[in-house]
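Residue-level listing of the chains:
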Amino acid sequence: MATPLTQKHPSRFYTDESPVGLNRWHRHLPRWLGRFFPTGGGLQTDHEGQGLFGFGIFLGSETMLFGTLILTYVILRIANAEDWFPAGVLGPQRTPAVILHSIVLISSSFVIFAAERALGRGNVKWFRILLVITALMGAFFLVGEVQEWNTLDFGFHTGLIGATFYLVTGTHGLHVIVGITLMMIMLWRSFRPGNYDKGHFGVTAVSIFWHFVDVIWILLFTLFYIW
Amino acid sequence: MTSITPLEPLGPSRELLPTEPGFFTHWQQLLTFNRDHKIVGLQYMLSSFVFFLIGGLLAMLIRAELLTPELNVVTRQFYNTLFTMHGSIMIFLWTIPFLVGMTNFLLPLMIGARDVTFPTLNALSFWVFFTGAILMLVSFFTPSGAADSGWWSYPPLSVQSGFGNLFSGESIWLLSVLLGGIASIMGAVNFVSTIVWMRAPGMTLFRMPIFVWAALTAQTMQLIFLPVLTADLILLYFDLNFGTPFFNVADGGDPVLYQHFFWFYSHPVVYVWILPVFGVFSEIIPAFTRNPLFGYRTVALATASFAVITGFVWVHHMFAGDTPGWMRLLFMATTGLVAIPSGIKIFAWTATIWKSKLHLDTAMLFAVGGVVMFLLAGITGVMLSAVPVDLHVNNTHFVVGHFHYVVNNTIVMGLYAAIYFWFPKVTGRLMAEGWGKVHFAFMFIGSTLTFFPMHILGLQGMVRRISSYQPDLQEWNVVSSLGAFLLGVSVLPFIVNAIVSWKHGVVAGNNPWQATGLEWTLPSPVPKETFEATPTVLQPPYNYGDPNVVLFDPSDPY
């Protein structure tokens, strides 16, 4: 029920405070927003927090890039629903090989998660082993994808299906390559003394990036192989 | 200089030691990969000013061609190149990078941070931008000439002009804009992180200067909308060089899709330019009226609201195309909404000036001039948001007049205002008032003469992007061209003033304008290590005038 106006709140943060109370909203909204943006010089040395924030908003930007490419595919496919596949072209097929390398890529997310956990416990040896396994799984995916491209019955110049398929999956493949490269850098860094004195933001960022790449692949698999 | 009663300083004022140099000691610093945000800002500002002069020369060539109805100065193809490269240079090589440079320089000073969050990324961002900029200028010397399909570069026209040639002007143009986009995203990541993480204790969201609010909004918009343009240009690059059919109607592609993606970014980018300029107005007008900014919180929220509104207005650039009726109606309504936050700002600036004692120094003249010009730009903007008017004047000089009132008469004026205002922070010296006022007079008269006749010409039916026109339209074209040459000449007193004042101007001291804001507690020029100790902010922003009249309770922890 309504709180008496005279009640003194013990805390600065009013949990039941509405951001857009009609009464004095111009004071309520700033207070409410201010909770998410604390100030203070102490934060200036929080390398991990700053790094993850910057990396997070960059991934937001990346999402818009992939979103635009995928939207292009969806819009063009809907507009050309009847003759999307030229005569004699079956399009991307859900062969066992494709399903296998997709499963390997997606399960590698769990491996890198385990690697990050190992590093969190201070177990650098297992971190390195699991990181290498993740990278190998990514490489397996890439090899499988290139082999699949070689057996497909359409090429880059086969109309819209070829252009959209190879551009979108190619952009994703490029991100897989970048992810593997970043893992190798993290592996190299783990041998430098004193590398984890300021936390392991780099590893966390690579891990998030890898999850991002995997989620994109789930989306692409749905749109290209199941639709 | 004006006689103003000094105000209590915001924090402990830092004095420059006699032996301590400013941050900028050797011109060679400009050529290095420097992680200092002030040097990066200076690199951005100086290089983009050079590009501004090049873009201005192209504009004067365009106006020289339009002096007479016949085609007599350049060829038709080169005329297309002229307006394409004029637009591209002014947008991608001048307005955006100059504002990024200003933000780089001022933002950490205004929020009490030692530097941006990712200094290396910041330096990398400049050199990526600079590579792209040089690429764009070099494209003039390719065998087929620079890009000539407009700065919007619509297919199929843009795909025809250099098909399959990796070194065509169009292809290099695309690469250059892509590089600029990557640099902008790096910068945006940096600025948003800096504002969220690096604010000094006590610098709460609603104690940030409006310039910081504007930077936060504009850079968030870059993060959200710029990747869409990047993806769009990648698709166009593949169409142009590798023959993919994304925008090719014959093979099932859709050129209108390009336009949607293009304007989905390129409308918001207008606010990326103008919001920091609004921020500049909001800094300068209170300082020279000695009044607190009227309705500070509302102005801040109006600034942020642009980021939301701008996501839903892009189709108004495509009213005249094959746009369905419901879409026209919807986007007409959303475009009208833009007038609300803009109106709030104009109202706030007017109310700030109301019943105050005006100090018409050069920076203030430029700021007030910019506000007045923006009012005119806004009126024609609301006119153009109405579909019937838009269809009537579509593709005429009315539209050219409208957007030059925004980009030149408001934004460039605001940038000059900022230069005159913050010049001491870079150089330690003030710019000369007399030359500044000459500059302002030339600029104001030149801008009006150049761009006001374009509205009349547009209503009379003068089509844009065409190098020859009906003879009965010549009178206003001559006025416009002469105005453009005056506008070109107006840069000269500015350059002379800037160079001479840099070496021999009046020594400014920490706070020549008696302005509030953390950057004025620092010495001029700013030393390399700005804040020795992290400052604590205890005041609301724009705490001018009677110290008893404050906007809100200073003891409020928020």
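The structure presented is a predicted model; accordingly, all values stated were derived computationally and were not measured.

**Focus: the overall build of chain A**
Of the regular secondary structure elements, chain A holds 6 helices and 0 strands. Put simply, chain A runs from its N terminus to its C terminus through helices and strands in the order α-α-α-α-α-α. Per-residue burial for chain A yields a buried fraction of 26% across its 227 residues.

**Notes on the overall build of chain B**
The helix and strand tally for chain B stands at 16 helices and 0 strands. A principal-axis box enclosing the C-alpha atoms of chain B has dimensions of 70 × 50 × 45 Å. For chain B, the proportion of its 558 residues judged to be buried stands at 57%. A fraction of 84% describes how many contacts in chain B between residues 6 or more apart in sequence connect residues 24 or more apart.

**So, the nonpolar core**
Counting residues in each nonpolar core, the largest one holds 211 residues, and the members touching the most others are B:Ile111, B:Val212, B:Trp273, B:Ile284, B:Ala367 and B:Ala417. Residue contacts for B:Ala367: discarding those within four places in its chain leaves B:Phe281, B:Ile284, B:Ile285 and B:Ala417.

**Considering the interface of chain A and chain B**
In this assembly, 35 residues from chain A lie in contact with 40 residues from chain B. At the level of elements, helix H1 (25-34), helix H2 (47-79) and helix H5 (159-189) of chain A are the ones that each hand at least two residues to the side of chain A that touches chain B. Looking at the side of chain A that touches chain B residue by residue, the classes come out as 16 nonpolar, 16 polar and 3 charged.

**Remarks on H2(A)**
Along its 33 residues, H2(A) runs 48 Å from first to last C-alpha, staying within 8% of the 48 Å computed at 1.5 Å per residue. On its buried side, H2(A) packs onto H5 and helix H6 (201-226) of chain A together with helix H5 (169-197), helix H6 (210-242) and helix H7 (255-266) of chain B.

**Looking at the confidence of the model for chain A**
Overall, the prediction assigns chain A a mean pLDDT of 85, with 82% of residues at 70 or greater. Predicted confidence is poor over residues 1-18 of chain A, with pLDDT under 50, and the contacts of this stretch with residues over four places away or in other chains come to 7 contacts.

**Details of unusual backbone geometry**
Residues and elements named next belong to chain B. Cis geometry marks the peptide bond from Pro155 to Pro156; its omega dihedral reads 5°. Note that the residue after Ser524, namely Pro525, is joined by a cis bond; omega there is -10°. Within the secondary structure, Pro525 is located in the segment after helix H16 (474-504). Located in the positive-phi region is Lys355, a residue other than glycine, with phi close to 55°. Summarising the element assignment, Lys355 is placed in the loop between helix H11 (339-353) and helix H12 (362-385).

**Structural notes on the packing of H2(A) against H5(B)**
One can describe the packing of H2(A) onto H5(B) by two numbers: an axis separation of 9 Å at closest approach and a directional angle of 135°. Classified by the angle between their axes, H2(A) and H5(B) sit oblique to one another. Once H2(A) is placed against H5(B), the crossing between them reads as right-handed. Contact residues: H2(A) offers A:Gly49, A:Gln50, A:Phe53, A:Gly54, A:Ile57, A:Phe58 and A:Ser61, while H5(B) offers B:Ile185, B:Val189, B:Val192, B:Ser193, B:Val196 and B:Trp197. Partitioning the contact of H2(A) with H5(B) into residue classes produces 8 nonpolar, 5 polar and no charged.

**Let's talk about the packing of H12(B) against helix H14 (residues 397-427) of chain B**
All names here are of chain B. At a minimum axis separation of 8 Å, H12 and H14 run at an interaxial angle of 160°. Overall, the two elements H12 and H14 adopt an arrangement that is roughly antiparallel. You can see that H12 and H14 cross each other, and the crossing is left-handed. Split by residue class, the contact of H12 with H14 holds 16 nonpolar, 10 polar and no charged.

**Topic: the environment of B:Leu226**
Residues and elements named next belong to chain B. Within the secondary structure layout, Leu226 lies in helix H6. The class of Leu226 is buried, set by 23 C-beta atoms lying within 10 Å. Separated by 125 residues in sequence, Leu226 and Ala351 have C-alpha atoms that sit 35 Å apart. Excluding residues within four positions of it along the chain, Leu226 makes contact with Gly181, Ser184, Ile185 and Tyr265.

**Here's the deal with the confidence of the model for chain B**
Residue and element names in this part refer to chain B. Model confidence for chain B is summarised by a mean pLDDT of 90, while 94% of its residues fall at 70 or above. Within the model, pLDDT remains below 50 along residues 1-11, and this stretch shows 18 contacts once partners closer than five positions in the same chain are excluded. Confidence drops under pLDDT 50 across residues 547-554; counting only partners more than four residues distant or on other chains, this segment forms 9 contacts. Scored as a complex, the prediction yields pTM 0.90 and ipTM 0.90.

**Concerning the environment of B:Val40**
All names here are of chain B. Inspection of the secondary structure assignment puts Val40 in helix H1 (residues 37-65). Val40 sits in the buried class, given 28 other C-beta atoms within 10 Å. Spatially, the C-alpha atom of Val40 lies 6.8 Å from that of Phe126, the residues being 86 residues apart in sequence. Leaving out residues up to four positions away in the same chain, Val40 has contacts with Asn34, Asn104, Asn122, Ala123 and Phe126.

What counts and what doesn't
- Residues numbered from 1 in each chain as written.
- Chains lettered and ligands numbered in written order.
- Predicted model: local features only at pLDDT ≥ 70, side-chain atom pairs only at ≥ 80, totals over all residues.
- Helix = DSSP H or I, 4+ residues; strand = E, 2+ residues; numbered from the N terminus.
- Buried ≥ 20, exposed ≤ 12 C-beta atoms within 10 Å, placed from the backbone.
- Contact = placed C-beta atoms within 7 Å.
- Core = buried A, V, L, I, M, F, W, Y, C linked by C-beta atoms within 7 Å.
- Nonpolar A, V, L, I, M, F, W, Y, C, P; charged D, E, K, R; others polar.
- Expected span 1.5 Å × (residues − 1).
- pLDDT = per-residue confidence, 0-100.
- Axes fitted to C-alpha atoms, helices over the stretch in contact; angles between N-to-C directions.
- Parallel < 35°, antiparallel > 145°, perpendicular 65-115°, else oblique.
- Left-handed = near helix turned anticlockwise from the far one by under 90°.

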